[in-house]
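Listed below are the residues making up each chain.
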Amino acid sequence: MPILTLQQAVCQHVRDGDSVALEGFTHLIPFAAGHELIRQRRRGLHLIRMTPDLVYDQMIGAGCAGRLTFSWGGNPGVGSAHRVRDAIENGWPAPLEINEHSHAGMAAAYTAGAARLPFGLLRGYLGTDLARVNPSIRTVTCPYSGERLATVPALNPDVTILHAQKADRAGNVLITGILGAQKEAGLAARKLLVTVEEIVEDLAAPMNAVVLPHWVVTAVACVPGGAWPSYARGYYPRDNAFYIAWDEVARDRGRFASWLDRYVLGTADFADFLAAQRAAGGAP
Amino acid sequence: MPILTLQQAVCQHVRDGDSVALEGFTHLIPFAAGHELIRQRRRGLHLIRMTPDLVYDQMIGAGCAGRLTFSWGGNPGVGSAHRVRDAIENGWPAPLEINEHSHAGMAAAYTAGAARLPFGLLRGYLGTDLARVNPSIRTVTCPYSGERLATVPALNPDVTILHAQKADRAGNVLITGILGAQKEAGLAARKLLVTVEEIVEDLAAPMNAVVLPHWVVTAVACVPGGAWPSYARGYYPRDNAFYIAWDEVARDRGRFASWLDRYVLGTADFADFLAAQRAAGGAP
Amino acid sequence: MTASADGGPWTPDEMMTVTAARMLWNGCVCFVGIGLPSAAANLARLLHAPDIVLIYESGTIGTRPGVLPLSIGDGELAETATAVVSLPEIFAFWLQAGRIDVGFLGAAQIDRYGNLNSTVIGPYARPKTRLPGAGGAPEMASHAREVFVVLKQSPRAFVTTLDFVSSAGLCAGGAPRAGGAAGRGPQAIITDFGILRPAPDTSEFVLVARYEHVTVADAVAATGWPLGTATTVTVVPPPTTEELTVLRELHRRTREAHNRPVQLPV
Amino acid sequence: MTASADGGPWTPDEMMTVTAARMLWNGCVCFVGIGLPSAAANLARLLHAPDIVLIYESGTIGTRPGVLPLSIGDGELAETATAVVSLPEIFAFWLQAGRIDVGFLGAAQIDRYGNLNSTVIGPYARPKTRLPGAGGAPEMASHAREVFVVLKQSPRAFVTTLDFVSSAGLCAGGAPRAGGAAGRGPQAIITDFGILRPAPDTSEFVLVARYEHVTVADAVAATGWPLGTATTVTVVPPPTTEELTVLRELHRRTREAHNRPVQLPV
């Protein structure tokens, strides 16, 4: 488990066309990694994420994706993910095929992936149109009760990228707080990249904390602030103002492109991005 | 969620013939509750436990059980569970029907039970005779790959009994250390009884610790030492000497009966039992 | 804002929030979404239901936030929770297992049986407006013991035919719901006109209560299907001073917290 | 104790433990059972494999106990682990997912294809001797990349036909294993005579190495099936002084710890 720069990690481990899951439910969203994928101009990615919010709004708006597997796509508490909408509604900047689930279905699919089962099982999608538009939602019959239950195919991303609080020098990773489906998405992946707030001598993980052992982690990169404008418990809070202000930026293709050029494509790395945002007063 | 004495909790919530799971994998085994079931002379129980070790050796030897669902029955690190063997081999003191699984199968069955799915799914029992002797082990066909996977029916005990470190006055329960399938067995049950080392004002649970909220707990009883001779992390270590010495006691029906009369049926409660064992130098 | 609902010295949102809060009882286990439901559930907690159990789908169980979260996973939800579990667990062990008394849902469209659309306006493959999607709604609609829908009434939202069923309502004619659903489905719609409940014989939502300042005719006009009414349409008492004071104070604290500038990480 | 294996200034258990330890490499992810496998895995960790990852089925991942545990869930396994997870998780996310390099198994009986019986001697419904049962073995046999069996050789244990198959070995004639198994199954049997490995063409276990003080004929005599041998049967080097010293010191510390009287809780 090498400790790399984020540039190296993305360069070495993410290929055009890969299926890539950036997980983190509101908390610990790997924005730095998303930006690095944009900077390295990855194309045709199959992006996977329960909640394609701002990080995928940015990546999809930047043209990284050809496909999206998701269960809820918006700006949480604010409104639409305008760049995701523009891709689905108008194919801009590139057509986006969608594979749509419910949260419970996605969670079951990651869990199955982590367990290397071919499918996840749930009492789900009852009476909805989701199974009609997504042929991957199927059923099995319970061998005891005869009841039909919903199935979803396991998700096994080529690469999962997480942001976490800490890693130690061996590459053991500690996550605390709201966990989302990060552990399941991480263990479901063929490769697991993790950005962290800091690298420490001793994780000092509480008993039963979520620790991903170094030997399931492909690479770690230290990127302080790497989840901003989402948050990292114990490090910095969620920047709600950025989420609110993003609505205006993302509504307009031109304004979005300017933002992207200036802050992501025009910066060398995430530290540079944060410096540029700080200079702009934190507003996008 | 009332706080009761263990006598009250068992008296009010466990009936003859109930399916009852006492869980705890090596750690936090609810011995006090097992003894109280013996004292209250419950009969015909369907006992469920991944590892029927000493606690079930005692209960089965005392004649509480008519059925056993399990995946490994012995004295860990020592040898046989002689009373369990005597019941299976010779029907003494009562015939014991068995429903046998692997650990992975039992774990999947509890997990399904906790999720109120009718069955659990695993890649398991491949090439073994277990499915031949246990008709409840069946298969489903993956609707994607066509692969056949093993299924186990969900376990939903009438009552699950756990031992934990702490509860607060509202009845929220904290478990730390080796977790076994305690959370799954607890959430799978229709009723959940928990004995704890102590009742505290503030659980002070670490973030992401295993906490069972008060509203899924049927009753809490404070029984210090209630997991002895197994252990409670942070309170007392495993009494390996007792496990080793138990082998001799349990080998012989007469000697077992004397032990049971003197220490369990002859004591008023678990505090009394511990006092008697202390007086005997801790040996059974 | 619906003009007709705007009669008191309170906003329609406040009236809806107070109405929803009153429907929650002490000890109720409530699966809360962001926005008005979150305000209602926390208002109930601060008023008559101090022991209400709030669960947000981010995995925070028994949370007691001091201010309303902007997102479903704000840090304070975790810090004040009894337990913080993973998302797969919250959906499998808590929602699907039938441990939720009340789930709140919103939507873009609703039909007379409480089916909800939060996915798309227009055809799925060629959307006029792509909405965020179903999220946790399909399974909440199935597995919460009952579902309360919070939605402002208008002919565009209360429609005869949904463009897409994101989560299932009741079955026409009072027929039983799909097998495997742990819950009874939508049992109330709280609007800016009043409260709709399903008629027991038909499962069709009808107006059972209205706010003081609106008429039944206003509510009918704001509904895309021919809205029925209960034999007696009761009047929802207006917000009390205490309700309004506590709600406004909660919103004030929330605004203050959310407007506090965040230092960018260095 | 097998007399023939008792030739050195060490016990057959020590020889077996050292032999098993040598088969583990640095960085190897090892699913450990109690007893000899636990001693072997920890011996390897203290000698040539400091970064071996030890997983006990009690959910302790990356554990580094100072003394050997008596039970699979001794407290020290948790205190020294990188992560402590639930049992359902250990079986689903770690074993079934194919993350284990080597799993150790014992048994009461083994056949020439490495099928194991740890369930019953005699008929299942009318047992002569009821054994503890399969526990974690069936899925370890399927999903660990390879399985090492540790078992003393005798005609009663190395049998032609098992009374019960608790965990699956290899398929006769080198055929592929059952679909869904992530691993290659048993790849070595470490006995008190030496090491058996499957012949590639038949999958039948044959003697590939023997200890210094035993003969091939001894091993054949201790086997219930007509034991084949590899073209060359190598000799396992005897334990080094370092191996014996470290192992004995580990056992001494373990005895001391386990004999320390435990104060009963008050």
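The model shown is predicted, which means the values in this text are computed figures rather than measured ones.

Colleague: I'd love a proper account of the overall build of chain C, names of residues and values included.
Modeller: Across its full length, chain C holds seven helices and 14 strands. Each principal axis of the C-alpha distribution contributes one length, and for chain C these read about 55 × 45 × 40 Å. Of all 266 residues assigned to chain C, the portion counted as buried reaches 62%. Considering only contacts in chain C between residues 6 or more positions apart, those separated by 24 or more positions represent 65%. Of the accessible surface of chain C, which amounts to about 9,300 Å², a share of 55% is contributed by carbon and sulfur atoms. Averaging the locations of the 20 positively and 23 negatively charged side chains of chain C gives two centres separated by 3 Å.

Colleague: Outline the overall build of chain A, listing residues and values.
Modeller: Helices and strands together make up the secondary structure of chain A, namely ten helices and 15 strands. The C-alpha atoms of chain A give 18 Å as radius of gyration, which agrees with the globular expectation for 284 residues (19 Å, within 12%). Principal-axis analysis of the C-alpha atoms gives chain A an extent of 60 × 50 × 30 Å. With 284 residues in all, chain A has 66% of them scored as buried. Long-range contacts, defined as pairs at least 24 residues apart, comprise 73% of the intrachain contacts of chain A with a sequence gap of at least 6.

Colleague: Before we move on, could you go through the sheet that holds strand E14 (residues 228-236) of chain D and cite the residues and values that matter?
Modeller: Residue and element names in this part refer to chain D. Pairing is mixed across the open sheet formed by ten strands, whose spatial order is E4-E3-E2-E1-E5-E10-E11-E12-E13-E14. Two strands in the sheet have a free side with no partner beyond their single neighbour: strand E4 (83-84) and E14. For strand E5 (residues 102-105) and strand E10 (residues 146-150), the ladder comprises four bridges, and the chain directions are parallel. The residue bridging Val 102 from the neighbouring strand is Glu 146, located in E10.

Colleague: Tell me about the sheet that holds strand E9 (residues 138-141) of chain B, and name the residues and values.
Modeller: Residue and element names in this part refer to chain B. The three strands lie next to each other as E8-E10-E9, forming an open sheet whose pairing is antiparallel. Because the sheet does not close on itself, it has two edges, and the strands there are strand E8 (119-122) and E9. Going across the sheet, the axis of each strand differs from the next one's by a mean of 40°, ignoring polarity. Pairing of E9 with strand E10 (residues 148-153) involves four bridges; the strand directions are antiparallel. Looking at E10, one finds that Val 140 is bridged to Leu 149. Of the strands in this sheet, E8 and E10 are in contact with helix H5 (residues 103-114), which crosses E8 at around 140°.

Colleague: For the side chain of B:Ser80, give the residues involved together with the corresponding values.
Modeller: All names here are of chain B. Here Ser 80 lies in strand E6 (residues 79-80). One polar contact links Ser 80 to Arg 85, side chain to side chain, over a distance of 3.1 Å. Residues within four places of Ser 80 in sequence aside, it is in contact with Gly 74, Asn 75, Arg 85 and Asp 247.

Colleague: Summarise unusual backbone geometry; cite the residues concerned and give the values.
Modeller: Working note: non-glycine residues mostly have negative phi, and peptide bonds are mostly trans. Of the consecutive residues B:Trp92 and B:Pro93, the connecting peptide bond is found in the cis state with omega at 0°. For B:Pro93, the position within the fold is in the loop between helix H4 (82-90) and strand E7 (97-100).

Colleague: Give a description of the nonpolar core that names residues and reports values.
Modeller: What tends to happen in soluble globular proteins is that the nonpolar side chains get buried as a cluster. Counting 370 residues, the largest nonpolar core has A:Met59, B:Met59, C:Leu24, C:Cys30, D:Leu24 and D:Cys30 as its most contacted members. Discounting chain neighbours no more than four positions away, the residues touching B:Met59 are B:Leu22, B:Gly34, B:Leu37, B:Ile38, B:Leu45, B:Leu47, B:Cys64 and B:Ala65.

Colleague: Outline the domain arrangement of chain A, listing residues and values.
Modeller: Partitioning chain A into structural domains gives domain 1 (6-101 + 156-279) and domain 2 (119-153). The centre of domain 1 of chain A, based on its C-alpha atoms, is set 30 Å off from the matching centre of domain 2 of chain A.

Colleague: Could you give me a rundown of the pattern of salt bridges, with the residues and numbers involved?
Modeller: This structure, assessed with the given rule, holds 48 salt bridges over all chains. For D:Arg252, the salt bridge is made with D:Glu249, and the minimal N-O distance between the two is 2.8 Å. With D:Arg252 and D:Glu249 both in helix H7 (residues 241-259), this residue pair falls three residues apart, about one helical turn. Relative accessible area serves as the criterion here: at 31%, D:Glu249 is assigned to the partly exposed category. A single network of salt bridges, built from pairs that share partners, joins C:Glu249, C:Arg252, C:Arg253, C:Glu256 and C:Arg260.

Colleague: Tell me about the packing of aromatic side chains, residues and numbers included.
Modeller: Residues and elements named next belong to chain A. In the structure shown here, the tally under the stated rule is 29 aromatic pairs over all chains. For the ring pair Phe 242 and Trp 246, a centre distance of 6.0 Å and an interplane angle of 20° mean the geometry is stacked. With a gap of four residues between them, Phe 242 and Trp 246 both fall in helix H8 (residues 240-251), about one helical turn apart. Residue class for Trp 246 comes out buried when judged on its relative accessible area of 1%. Aromatic rings pair up to connect Trp 228, Phe 242, Trp 246, Phe 256, Trp 259, Tyr 263, Phe 270 and Phe 273 into one cluster. It is Arg 49 that lies over the ring of Tyr 56; its NZ or CZ is 5.9 Å from the centre.

Colleague: Summarise the interface of chain D and chain B; cite the residues concerned and give the values.
Modeller: Listed as interface residues are 48 residues of chain D and, on the opposing side, 53 residues of chain B. Between chain D and chain B, the buried area comes to about 4,100 Å², and carbon and sulfur atoms account for 65% of it. On the chain D side of the interface with chain B, the three residues burying the most area are D:Arg130, D:Leu264 and D:Pro265, jointly 16% of the side's total. Summed over the shared surface of chain D and chain B, the number is two salt bridges.

Colleague: Tell me about the interface of chain A and chain C, and name the residues and values.
Modeller: Each partner contributes residues to the interface: chain A has 53 residues there, and chain C has 48 residues. Summed over both partners, the interface of chain A with chain C buries about 4,100 Å², with 65% contributed by carbon and sulfur atoms. Interface area lost by chain A to chain C is led by A:Arg123, A:Leu126 and A:Ile178, which between them contribute 14%. Between C:Glu79 and A:Arg233 there is a salt bridge, with the nearest N and O atoms lying 2.6 Å from each other. Taken together, chain A and chain C are joined by 18 residue pairs in polar contact (both at pLDDT 80 or more). Listed by contribution, the elements that provide at least two residues to the side of chain A that touches chain C are helix H4 (82-90), strand E7 (97-100), helix H5 (103-114), helix H6 (130-133), H8 and helix H10 (270-279) of chain A.

Colleague: Report on the state of the cysteines, specifying residues and quantitative values.
Modeller: Residues and elements named next belong to chain B. Applying the stated rule across the entire model yields zero disulfides over all chains. The thiol of Cys 11 is unpaired, and the distance to the nearest cysteine sulfur, on Cys 64, comes to 15 Å. Under the relative-accessibility criterion, Cys 64 is labelled buried at 0%.

Colleague: Hey, could you go over the confidence of the model for chain C for me, with residue numbers and the actual values?
Modeller: Residue-level pLDDT values for chain C average 93, and 97% of them are 70 or greater. Within the model, the stretch residues 1-7 of chain C combines pLDDT values under 50 with 15 contacts to residues more than four positions away or in other chains.

Colleague: An account of the pairing of strand E2 (residues 53-56) of chain D is requested, with residue identities and associated values reported.
Modeller: All names here are of chain D. Here E2 shows two buried faces, one formed by Val 53 and Ile 55 and the other by Leu 54 and Tyr 56. The sheet contact formed by strand E1 (residues 29-32) and E2 spans four bridges and is parallel. Among the inter-strand pairings, Cys 30 is bridged to a residue of E2, identified as Leu 54. Following the backbone out of E1, through helix H2 (residues 36-46) and into the adjacent parallel E2, one traces a crossover that is right-handed. Hairpin connection of E2 to strand E3 (residues 60-61): three residues between the antiparallel strands, including Gly 59 at a positive phi of 100°.

Colleague: I'd like to hear about the packing of helix H1 (residues 12-22) of chain D against H7(D), residue by residue, with values.
Modeller: Residue and element names in this part refer to chain D. Packing of H1 against H7 brings their axes to within 11 Å, and their N-to-C directions diverge by 105°. Here H1 lies roughly perpendicular to H7, going by the angle between them. Residues Glu 14, Thr 17, Val 18 and Arg 22 of H1 form the contact with H7, whose participating residues are Glu 243, Leu 244, Leu 247 and Arg 248. For the contact of H1 with H7, the class distribution of residues is three nonpolar, one polar and four charged.

Colleague: Describe H8(A), naming the residues involved and giving the relevant values.
Modeller: For H8(A), with twelve residues, the first-to-last C-alpha span of 18 Å sits near the 16 Å given by 1.5 Å per residue. Taken residue by residue, H8(A) has A:Asn240, A:Phe242, A:Tyr243, A:Trp246, A:Asp247, A:Val249 and A:Ala250 as its buried positions.

Colleague: Describe in detail the environment of C:Pro9, supporting the description with residues and values.
Modeller: Residues and elements named next belong to chain C. Structurally, Pro 9 is set in the segment before helix H1 (12-22). Since its relative accessible area comes to 63%, Pro 9 is described here as exposed. On a C-alpha basis, the gap between Pro 9 and Pro 50 in space is 27 Å, while along the polypeptide they are 41 residues apart.

Colleague: Would you mind going over the pairing of strand E3 (residues 45-48) of chain B in detail, with residue names and values included?
Modeller: All names here are of chain B. A two-sided burial pattern is seen for E3, the buried positions comprising Leu 45 and Leu 47 on one face and His 46 and Ile 48 on the other. In this sheet, E3 lies alongside strand E2 (residues 19-22) in parallel orientation, the contact comprising three bridges. Looking across to E3, one finds that Ser 19 is bridged to His 46. Handedness of the β-α-β unit built from E2, helix H2 (residues 31-39) and E3 comes out right-handed. In this structure, E3 lies alongside strand E4 (residues 65-70), joined through four bridges in parallel fashion. The residue bridging Leu 47 from the neighbouring strand is Leu 68, located in E4. Traced from E3 through helix H3 (residues 54-61) to E4, the parallel crossover comes out right-handed.

What counts and how
Residues numbered from 1 in each chain as written. Chains lettered and ligands numbered in written order. Predicted model: local features only at pLDDT ≥ 70, side-chain atom pairs only at ≥ 80, totals over all residues. Heavy atoms only, no water. Helix = DSSP H or I, 4+ residues; strand = E, 2+ residues; numbered from the N terminus. Buried < 20%, exposed > 50% of the residue type's maximum accessible area, 1.4 Å probe, protein only. Contact = heavy atoms within 4.5 Å. Areas by Shrake-Rupley, 256 points an atom, 1.4 Å probe, with all protein chains shown as cover. Lys, Arg positive; Asp, Glu negative; His and termini not counted. Charge placed at Lys NZ, Arg CZ, Asp CG, Glu CD. Rg over C-alpha atoms; globule rule 2.2 N^0.38 Å. Pairing = 2+ DSSP bridges. Axes fitted to C-alpha atoms, helices over the stretch in contact; angles between N-to-C directions. Polar contact = N/O pair within 3.5 Å; in protein donor to acceptor, adjacent residues only side chain to side chain. Core = buried A, V, L, I, M, F, W, Y, C linked by side-chain atoms within 4.5 Å. Domains from an automatic or database assignment. Salt bridge = Lys/Arg side-chain N within 4 Å of Asp/Glu carboxyl O. Phe/Tyr/Trp six-rings, centres within 6.5 Å; stacked < 30°, edge-to-face > 60°. Lys NZ or Arg CZ within 6 Å of the ring centre and 35° of its normal. Buried area = accessible area lost by both parts, 1.4 Å probe. Disulfide = S-S within 2.5 Å. pLDDT = per-residue confidence, 0-100. Right-handed = clockwise from strand over helix to strand, strands pointing away. Parallel < 35°, antiparallel > 145°, perpendicular 65-115°, else oblique. Nonpolar A, V, L, I, M, F, W, Y, C, P; charged D, E, K, R; others polar. Expected span 1.5 Å × (residues − 1).

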